[in-house]
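Structural overview
Residues per chain, in single letters:
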Amino acid sequence: MRPYLEVLQRSPEASWSMLNRRLEDAIPFQWHHHPEFELTLTLNSIGQRFIGDHSGDYGDGDLVLIGPNLPHTWVSRAKIDQHQPHVALVLWFHRDWLLRMTAGAVEFRPIEVMLERADGGLHFSKEIAEAVRLEYEAVFEKPPVERLLSLLNILANIADDRQATPLASVPSQSFELKESRERIDRVLTHMHLHYARAIGLEELADIAALSVSGLHRMFRRHTGTAISDYLTRMRIGDACARLSSTNQAIHHISDAVGYHSIANFNRQFKSLKGMTPREYRALFVRR
């Protein structure tokens, strides 16, 4: 599944965007990306989130920061309080806009450090999510200036979360040469477009203009993982999305994500997710 580009709208009186999204039935699968950072607090909902090559469970109070142009979606399994809607409170902002405001202010340096870590997404601890929850929910009712101050305060608070954990694999941006970043970007773009078919190491090495051994070193340095493991996570992540949001037959999903052996697909899926594809799909069947 290729993500679609979401074009965000903002109010003429604001320099960033926000959405108080309330859904009675379900949070649907909508695989998309955008150039803005996204901070999302999910309430009264349990299900699965997909961010780049990451897939994981979410529950009430789930707080995640997503980097620019990183494909993502949530898909709900159930509401916690059946009399209330699924809620996603979403704040979007551009990196350059925020850094222009924080530049030169040592007090905001933790926010800048957090953004440097967040290109692949960050999941924040329950304690931090609970600490900012009241202000986060109130921001939607505030006038523009107070709303902006609340955004900065929320970001400053979550930036202090030492338990925040990275989610998706992304090229490292720290202390890397521009040429090296361009090489890994070409390789990852090719992999994300063609992971459903066999991709040879020589093919990727040619794209990177490196030897196969040089490709392996560069890939592990940037992503922290092996090429084969990265491909597996992308393929299984796509399979999870299809299992949770479509009625496609499992053998069709296996073929669509690049596994022409259903036995190998089942084995890889269980190794990564701890359950079979059929068991995973059953989590999303409404009872």
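So, the overall build of the chain
- When helices and strands are tallied, the chain shows 11 helices and 11 strands.
- Against the globule reference of 19 Å for 287 residues, the chain gives a C-alpha radius of gyration of 20 Å, in line with a compact fold.
- Dimensions along the principal axes, computed over C-alpha positions, put the chain at roughly 55 × 55 × 35 Å.
- Burial status across the chain gives 48% buried among its 287 residues.
- Here the contacts in the chain between residues at least 6 apart in sequence split such that 71% fall between residues at least 24 apart.

Focus: the environment of Gly-224
- If you trace the backbone, Gly-224 turns up in the loop between α7 (212-223) and α8 (227-245).
- For the pair Gly-224 and Ser-169, spaced 55 residues apart in sequence, the C-alpha to C-alpha distance is 7.5 Å.

Describing the packing of helix α1 (residues 95-102) against helix α2 (residues 109-117)
- It is at 10 Å that the axes of α1 and α2 come closest, and there the two elements cross at 155°. As far as their axial angle goes, α2 and α1 are roughly antiparallel. Here the hand of the crossing between α1 and α2 comes out left-handed. On α2, the residues touching Arg-95, Leu-98, Leu-99 and Thr-102 of α1 are Ile-111, Glu-112 and Leu-115.
- Taken together, the residues of the contact of α1 with α2 break down into four nonpolar, one polar and two charged.

Quick look at helix α10 (residues 262-273)
- The end-to-end C-alpha separation of α10 is 16 Å, in line with the 16 Å expected for 12 residues at 1.5 Å each.
- In the stretch just after α10, Gly-274 is the one whose phi turns positive, near 75°.

Points about the nonpolar core
- With 32 residues, the main nonpolar core has Leu-39, Phe-93 and Phe-124 as its most contacted residues.
- Elements with a contribution of two residues or more to this core: β4 (37-43), β7 (62-66), β9 (86-93), α1, α2, α3 (126-138) and α4 (144-159).
- The element best represented in this core is α4, accounting for six residues.
- Not counting the four nearest positions on each side in its chain, Leu-39 is found in contact with Leu-63, Val-64, Leu-65, Leu-89, Val-90, Leu-91, Phe-124, Tyr-136, Ile-154, Leu-155 and Ile-158.
- Trp-31, Ile-236, Phe-269 and Phe-284 belong to the second largest nonpolar core, which has 17 residues in total.

Considerations on the packing of aromatic side chains
- As enumerated under the stated definition, the model contains seven aromatic pairs in all.
- Where Phe-29 meets Phe-50, the ring centres are 6.1 Å apart and the plane angle is 70°; that geometry is what we call edge-to-face. You can see Phe-29 sitting in the loop between β2 (17-23) and β3 (32-33) and its partner Phe-50 sitting in strand β5 (residues 45-51), a full 21 residues away along the chain.
- When its relative accessible area of 2% is taken as the criterion, Phe-50 is described as buried.
- Here the aromatic cluster, defined as three or more aromatic residues joined through ring pairs, consists of Tyr-259, Phe-265, Phe-269 and Tyr-280.

Comments concerning the pairing of β9
- Counting buried positions over the eight residues of β9 gives eight, a clear majority of the element.
- Of the pairings in the sheet, the one linking β2 to β9 comprises seven bridges and is antiparallel in character. In the sheet register, Leu-23 faces β9, and the bridge partner there is His-86.

Examining the environment of Phe-37
- As for its placement among the helices and strands, Phe-37 is situated in strand β4.
- Overall, the relative accessible area of 0% leaves Phe-37 in the buried class.
- Through-space distance from the C-alpha of Phe-37 to that of Asp-25 is 27 Å; in sequence the pair is 12 residues apart.
- Leave out the neighbours within four places in its chain, and Phe-37 touches Leu-65, Ile-66, Gly-67, Pro-68, Leu-91, Trp-92, Phe-93, Arg-95, Leu-115, Ala-118 and Asp-119.

Let's talk about the environment of Leu-91
- Here Leu-91 lies in strand β9.
- Along the sequence, Leu-91 and Leu-65 sit 26 residues apart, while their C-alpha atoms lie 9.4 Å from each other.
- Filtering out sequence-adjacent residues up to four positions away, Leu-91 remains in contact with Trp-16, Ser-17, Met-18, Phe-37, Glu-38, Leu-39, Tyr-136, Val-139, Phe-140 and Leu-151.

Comments concerning the pairing of β4
- Most of β4 is tucked away: seven of the seven residues are buried.
- Here β4 shows two buried faces, one formed by Phe-37, Leu-39, Leu-41 and Leu-43 and the other by Glu-38, Thr-40 and Thr-42.
- As paired strands, β4 and β9 are joined by seven bridges and run antiparallel to one another. The residue of β9 that forms the bridge with Leu-39 is Leu-91.
- One ladder, built from five bridges, connects β4 with β7; its direction is antiparallel. By the bridge assignment for β7, Leu-39 is matched with Leu-65.

Conventions used here
Residues numbered from 1 in each chain as written. Predicted model: local features only at pLDDT ≥ 70, side-chain atom pairs only at ≥ 80, totals over all residues. Heavy atoms only, no water. Helix = DSSP H or I, 4+ residues; strand = E, 2+ residues; numbered from the N terminus. Rg over C-alpha atoms; globule rule 2.2 N^0.38 Å. Buried < 20%, exposed > 50% of the residue type's maximum accessible area, 1.4 Å probe, protein only. Contact = heavy atoms within 4.5 Å. Axes fitted to C-alpha atoms, helices over the stretch in contact; angles between N-to-C directions. Parallel < 35°, antiparallel > 145°, perpendicular 65-115°, else oblique. Left-handed = near helix turned anticlockwise from the far one by under 90°. Nonpolar A, V, L, I, M, F, W, Y, C, P; charged D, E, K, R; others polar. Expected span 1.5 Å × (residues − 1). Core = buried A, V, L, I, M, F, W, Y, C linked by side-chain atoms within 4.5 Å. Phe/Tyr/Trp six-rings, centres within 6.5 Å; stacked < 30°, edge-to-face > 60°. Pairing = 2+ DSSP bridges.

Read these as spatial facts, not as claims about activity.
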